[in-house]
Amino acid sequence: MFSARTKRSKARLITTSLVGVVFSFSSLSALAAFKQPGKIIAGSDMTFYPYEYMKNNKPAGFDIEYLDGLAKVMGRKASNIDTRWANLIPGLRGGRFDLINSSMYITAPRLKVIDMIPYSKSGESILSIKGASYQPKTMQDFCGHTIGSMAGTAWLKQVQNVSKDYCVKKGLKPIKIRMYPTDPQTTQAMLSHAVEAQITDSAVAEGVVKRMGSRVDISSDKLLDPVLHGFGVKKGNDEVRKALISAIEKYSKSPEYKALLSKYNMQDLTQDDIKTMMPKG
């Protein structure tokens, strides 16, 4: 039989152990918001010049520099993990990184599975082979043609809708879409005549022309479907979401941010833009 003193000692030991377990779980919960102390771990598809790409074996581009600026405001250091586009949202939801930093369009379907914080605006453009007879200006010009795109992009649904609701209903041939893992692979497919034209982000299209202007043109004459770019954050991760919103507000008032916009020929994002372009529902 245990003495009364022994029983009390054991009771205190069990209580202390339980408190320690609760404290440990609380500490883990507090650390779970950001994966590493003093850092922001981001998933980025580094094939999307000029937003995010590799230069001299280091991440570069508007989004990379922008997140660096936000990280400084938060007293953290940004670290970008090169991740193919189709794996970004699954990686975020699986806890591989704190956020998605990959010029991701904010869409209603994406908002159902992740939170998104707007930080810039863009739209699509159409690339074609320089001098080719086929120079599409709108998605409606895609009817009966084979179009290339990076897989998993927001505009694919729009192209499919145009094919169904415009081409087919007008008695025209549907649009054939060929998808590739990265945007550069899509451009190469066009140059090798596997596809007749390419649809991509407008700034990306300008970057392609800048690098290979003797071979490609932007055939569309206006921005297609203006949209917002947003950082992706796992639903329920309020600490990261609130930290980003606060940092964006502070950083957007800095001379460094103005210089960054000028460097990449980007336009400032206004509250009116967000109000007008943010998907509803």
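In this text, all values refer to a predicted model and were calculated from it rather than measured experimentally. Numbering of residues starts from 1 in each chain and follows the order in which that chain's sequence is written. Residue-level local features of this predicted model are given only where pLDDT is at least 70; pairs of side-chain atoms are given and counted only at 80 or more, and the full residue set underlies all totals for whole chains, interfaces and linings. Hydrogens and waters are ignored; side-chain quantities use all the structure's heavy atoms.

Asker: I keep staring at the environment of proline 184 and nothing clicks. Help me out?
Answerer: A run of DSSP states H or I qualifies as a helix once it reaches four residues; a run of E qualifies as a strand once it reaches two. Both are numbered from the N-terminal end. Summarising the element assignment, proline 184 is placed in helix 6 (residues 183-191). Taking the relative accessible area as the measure of exposure, proline 184 reaches 39% and is therefore partly exposed. Proline 184 sits 35 residues away from serine 149 along the chain, and the two C-alpha atoms are 9.8 Å apart. Three exposure classes are used, based on accessible area relative to the maximum for each residue type with a 1.4 Å probe and protein chains only: buried under 20%, partly exposed in between, and exposed over 50%.

Asker: Would you mind showing me how to read the sheet that holds strand 2 (residues 47-48) here?
Answerer: Two strands in a sheet stick together by hydrogen bonds in their backbones, pointing the same way (parallel) or opposite ways (antiparallel). In spatial order, the strands read 2-3-4; together these three strands make up an open sheet with antiparallel pairing. This sheet does not close on itself; its edge strands, each paired only once, are strand 2 and strand 4 (58-60). Bridge count for strand 2 against strand 3 (residues 52-55) is two bridges, and the pairing is antiparallel. Pairing of phenylalanine 48 across the sheet is with glutamate 52, part of strand 3. Pairing between strands requires that DSSP locate at least two bridges from one strand to the other.

Asker: Just checking my understanding: could you explain the state of the cysteines for this structure?
Answerer: Each disulfide consists of a covalent bond between the sulfur atoms of two cysteine residues. Defined by distance alone, a disulfide is two cysteine sulfur atoms within 2.5 Å. According to the stated counting rule, one finds one disulfide in the structure shown. Covalent S-S linkage joins cysteine 143 and cysteine 167, the inter-sulfur distance amounting to 2.0 Å. The disulfide joining cysteine 143 to cysteine 167 has a torsion of about -80° about its S-S bond and is therefore left-handed. On the criterion of sequence distance, the pair formed by cysteine 143 in the loop between strand 7 (114-129) and strand 8 (146-150) and cysteine 167 in helix 5 (residues 155-168) is long-range, its members being 24 residues apart. Note on cysteine 167: relative accessible area 0%, which makes it buried.

Asker: Could you clarify how one ought to interpret the nonpolar core in this entry?
Answerer: Buried together is how nonpolar side chains tend to be arranged in soluble globular proteins. Ranked by size, the top nonpolar core spans 73 residues in total, and within it Phe62, Tyr66, Leu70, Phe142 and Phe231 carry the most contacts. Broken down by element, this core gets its largest block of residues, seven residues, from strand 7. Residues count as neighbours in contact if any of their non-hydrogen atoms are within 4.5 Å of one another. Ignoring any residue separated from it by four or fewer positions in sequence, one finds tyrosine 66 in contact with Tyr119, Phe231, Ile248, Tyr251, Tyr257 and Leu260. Buried Ala, Val, Leu, Ile, Met, Phe, Trp, Tyr and Cys residues form a nonpolar core when they are joined through side-chain atoms within 4.5 Å.

Asker: Please explain the environment of glutamine 36 as it appears in this structure.
Answerer: Note that glutamine 36 resides in the loop between helix 1 (4-31) and strand 1 (39-44). A relative accessible area of 35% means that glutamine 36 is categorised as partly exposed. Not counting residues within four places of it along the chain, the set of residues in contact with glutamine 36 comprises Ile41 and Arg76.

Asker: Just to check I follow, could you spell out the side chain of glutamate 124 for this structure?
Answerer: With respect to the helices and strands, the residue glutamate 124 is situated in strand 7. Charged residues are defined here as Lys and Arg on the positive side and Asp and Glu on the negative side; His and the ends of the chain fall outside this count. Here a salt bridge means any side-chain nitrogen of Lys or Arg lying within 4 Å of a carboxyl oxygen belonging to Asp or Glu. Here glutamate 124 occupies a buried position and makes no salt bridge, while the nearest side chain of opposite charge, arginine 110, is found at 8.9 Å.

Asker: Whenever I open this one, the packing of helix 6 against helix 7 (residues 202-212) confuses me. Can you help?
Answerer: Think of two packed helices as two axes; the pair is described by the angle between the axes and how far apart they sit. Packing of helix 6 against helix 7 leaves a shortest axis separation of 12 Å and a crossing angle of 55°. In terms of orientation, helix 6 and helix 7 fall into the oblique class. The element helix 6 and its partner helix 7 pack so that their crossing is right-handed. In this structure, helix 6 uses Asp183, Thr187, Gln188 and Leu191 to contact helix 7, whose residues at the interface are Val204, Val208 and Met212. When the residues that make up the contact of helix 6 with helix 7 are grouped by side-chain class, the tally is four nonpolar, two polar and one charged. Fitted lines through C-alpha atoms serve as axes, helices being fitted only where they are in contact, and the angles separating the N-to-C directions of these axes extend from 0 to 180 degrees. If an angle is under 35 degrees, it is roughly parallel; if it is over 145, roughly antiparallel; if it lies from 65 to 115, roughly perpendicular; otherwise it is oblique. Should the near helix be turned anticlockwise from the far one by less than a right angle, the crossing is termed left-handed; should it be turned clockwise, right-handed. In this count, Pro and Cys sit with the nonpolar residues alongside Ala, Val, Leu, Ile, Met, Phe, Trp and Tyr, while Asp, Glu, Lys and Arg are called charged and the others, Gly among them, polar.

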